[in-house]
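So you can see what is in the structure, the chains are spelled out below.
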Amino acid sequence: MTGGWDLAAASDQQIVAWAQDGAELAFRELVRRYQRPVFSLIYRMVRDRETAEDLAQETFIKVLNAIDSYRPEHKFSSWIFKIANNAAIDHLRRRDPDLLSLDGAPDAVSADRQEATSLQVRDLGESPLDELQARELGSHIETAIARLRPEYRACIMLRHVEGRAYEEIAAILDLPLGTVKTYIHRARAELRDMLGSLRD
Amino acid sequence: MTRDPVQDPNAPRIPDDDPETDRLLAGVGRFSPQRGFEDRVVGRVRVPPPHWVRSLRDQVRGLTSGVTGWTVLATFSLATAAAWASVAVVGARYTTEIGAVWSQGGRQLVRVLRQDVLERLFPVLASVGTGIGEWLRSVVGLDMQTAAIGYGAVILVCAVALRWLTAEPHKTRGPVDAAS
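The shown structure was predicted, so the numbers you read here are calculated from the model rather than taken from an experiment.

A.B. asks: Sorry, what's going on with the overall build of chain A here?
C.D. replies: Counting its secondary structure elements, chain A contains ten helices and zero strands. Listing every helix and strand of chain A by position from the N terminus yields α-α-α-α-α-α-α-α-α-α. Of all 200 residues assigned to chain A, the portion counted as buried reaches 40%. Taking the intrachain contacts of chain A between residues at least 6 apart in sequence as the baseline, contacts between residues at least 24 apart amount to 55%.

A.B. asks: Would you explain the overall build of chain B in this entry?
C.D. replies: Looking only at helices and strands, chain B has eight helices and zero strands in total. Reading chain B from its N end, one meets helices and strands in the order α-α-α-α-α-α-α-α. At a minimum sequence separation of 6, the contacts of chain B that also span at least 24 residues come to 79%.

A.B. asks: Help me understand helix α2 (residues 24–46) of chain A in this model?
C.D. replies: Since the α-helix advances by 3.6 residues per turn, residues separated by three or four positions end up pointing in the same direction. For α2 of chain A, the principal kink sits at tyrosine 34 of chain A and spans about 50°; a proline, proline 37 of chain A, occurs within the next four residues. Most of α2 of chain A sits inside the fold, with 17 of its 23 residues counted as buried.

A.B. asks: I would appreciate a short explanation of the interface of chain B and chain A in the present structure.
C.D. replies: Many structure descriptions define interface size as the accessible area lost when the parts assemble. At the interface, 34 residues of chain B touch 40 residues of chain A. Residue assignment for the side of chain B that touches chain A shows that the elements contributing at least two residues are α1 (19–26) and α2 (37–43) of chain B. With five residues, the single largest contributor to the side of chain B that touches chain A is α2 of chain B.

A.B. asks: What am I meant to see in the confidence of the model for chain A here?
C.D. replies: Should the pLDDT be low somewhere, the predicted coordinates at that spot are not to be read in detail. All names here are of chain A. Chain-level pLDDT for chain A is 81 on average; 75% of the residues reach the 70-or-more range. The model gives residues 100–109 a pLDDT under 50, and that stretch makes 21 contacts with residues more than four places away or in other chains. Confidence over residues 116–129 falls short of pLDDT 50; this stretch has 24 contacts with residues more than four positions distant or in other chains.

A.B. asks: Just to check I follow, could you spell out the packing of helix α8 (residues 150–161) of chain A against helix α9 (residues 166–173) of chain A for this structure?
C.D. replies: Between two packed helices, both the angle of their axes relative to each other and the distance between the axes serve to describe the pair. All names here are of chain A. Close contact between α8 and α9 brings their axes to 10 Å; oriented N to C, the two are set at 140°. Taken together, the axes of α8 and α9 lie oblique to each other. When the axes of α8 and α9 are compared, the crossing they make is right-handed. Residues Glu151, Ala154, Cys155, Leu158 and Arg159 of α8 pack against Ile169, Ile172 and Leu173 of α9.

A.B. asks: How should I be thinking about the environment of tryptophan 79 of chain A in this particular structure?
C.D. replies: All names here are of chain A. Note that tryptophan 79 resides in helix α4 (residues 76–95). For the pair tryptophan 79 and isoleucine 172, spaced 93 residues apart in sequence, the C-alpha separation works out to 7.0 Å. Apart from the residues lying within four places of it in its own chain, the contact partners of tryptophan 79 are Val63, Tyr70 and His74.

A.B. asks: Explain α4 of chain A here, please?
C.D. replies: Residues and elements named next belong to chain A. In this model, α4 (20 residues) spans 29 Å end to end at C-alpha, consistent with the 28 Å of a helix rising 1.5 Å per residue. Every buried residue of α4 is listed here: Phe76, Ile80, Phe81, Ala84, Asn85, Ala87, Ala88 and His91. Projected down its long axis, α4 carries its buried residues within an arc of 155°, all on one side. Across α4 from its buried face, at more than 90 degrees, point the exposed residues Asp90 and Arg94. Of the surrounding secondary structure, the elements contacted by the buried residues of α4 are α1 (12–20), α2, α3 (49–65), α8 and α9.

A.B. asks: Even after reading the chapter, I still don't get the packing of α4 of chain A against α9 of chain A, so can you show me in this structure?
C.D. replies: All names here are of chain A. Between α4 and α9, the shortest axis-to-axis distance is 8 Å and the interhelical angle comes to 45°. When the axis of α4 is compared with that of α9, the two are oblique. Crossing geometry of α4 relative to α9 is assigned as right-handed. Residues Ser78, Phe81, Lys82 and Asn85 of α4 touch α9, and the partners they reach there are Glu168, Ala171, Ile172 and Leu173. Residues that form the contact of α4 with α9 fall into these classes: four nonpolar, two polar and two charged.

Rules used in this analysis
- Residues numbered from 1 in each chain as written.
- Chains lettered and ligands numbered in written order.
- Predicted model: local features only at pLDDT ≥ 70, side-chain atom pairs only at ≥ 80, totals over all residues.
- Helix = DSSP H or I, 4+ residues; strand = E, 2+ residues; numbered from the N terminus.
- Buried ≥ 20, exposed ≤ 12 C-beta atoms within 10 Å, placed from the backbone.
- Contact = placed C-beta atoms within 7 Å.
- Bend = angle between axes of the 7 residues up to and from the residue.
- pLDDT = per-residue confidence, 0-100.
- Axes fitted to C-alpha atoms, helices over the stretch in contact; angles between N-to-C directions.
- Parallel < 35°, antiparallel > 145°, perpendicular 65-115°, else oblique.
- Left-handed = near helix turned anticlockwise from the far one by under 90°.
- Expected span 1.5 Å × (residues − 1).
- Arc of directions from axis to C-beta.
- Nonpolar A, V, L, I, M, F, W, Y, C, P; charged D, E, K, R; others polar.

Spelled out as structure tokens, the structure:
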């Protein structure tokens, strides 16, 4: 029973308000709405289904347990994507300490400087993937996306799969707007090159 | 204001102007977690109680904040004293009416209760109660109304005295507290 609520038609803000009032149905609706976007983002970042599921679960638990602290002037999607992206990046850093410099030196203030001071991710296309993952992530475009640097990958996913505005992506990734535009531009250029070679 | 240090001269004004890449990216979809993901998440989330429950709880917390054992004792003593005093006042004011009710059936009822319940089931308790009553009468030498008022007053005075003696001095908010 929804008590007269139209969960499917309600905005995120309204659903969150109901969740803050202790309605379990509202919690379920938030999970239903965001489980695929959040899981997809994390899965493409960590490229391991089991790990992605654990991290997605952690993301939701963190967000929903802190639902009282959510302020409606911010977009709920930005909040949950930010936590999901941070969870994925933290996992990558824990798994491979070399990725500590993934974002470049702390004092790097430009995209060029960040790129110059960061390490490239190892070629994930060469990693052994199980059959399911190979099927899911094995297409040319998925292979190419997997070879992007994680921050490029996150930008491309948020822009082209989730359809987020540049401003929202900047807010999610804590990056300046210009950096996001540059990352997306470079990511698309890299994808174009990789897909050309993969098709050959 | 957000600093925007990156202005790549090669970046196009509209980055999404490459139809071929757009077409490929349009085919990139979402993945689904394993079945039961929603239940697993909700099972580990602390769903807060409804707003009215939290509001009520906050109000009760506000009322009971600062309550100590002595506060409880003082309240209990006050309530007991008030009850005894009420009984005494009502008894003194309506002595005739109470006496009439008592003579019409109350005395009979009490006698039955005493004989059938107390004296049969709790003979020892009844004898002890009688003994205490007689002892109290012989020692205090007062009628029951005066004894009740005196009892309530003694409890109240004792509780207030204990509360006053054991109350902690008020803390002055110093500069360290204020800063924190």
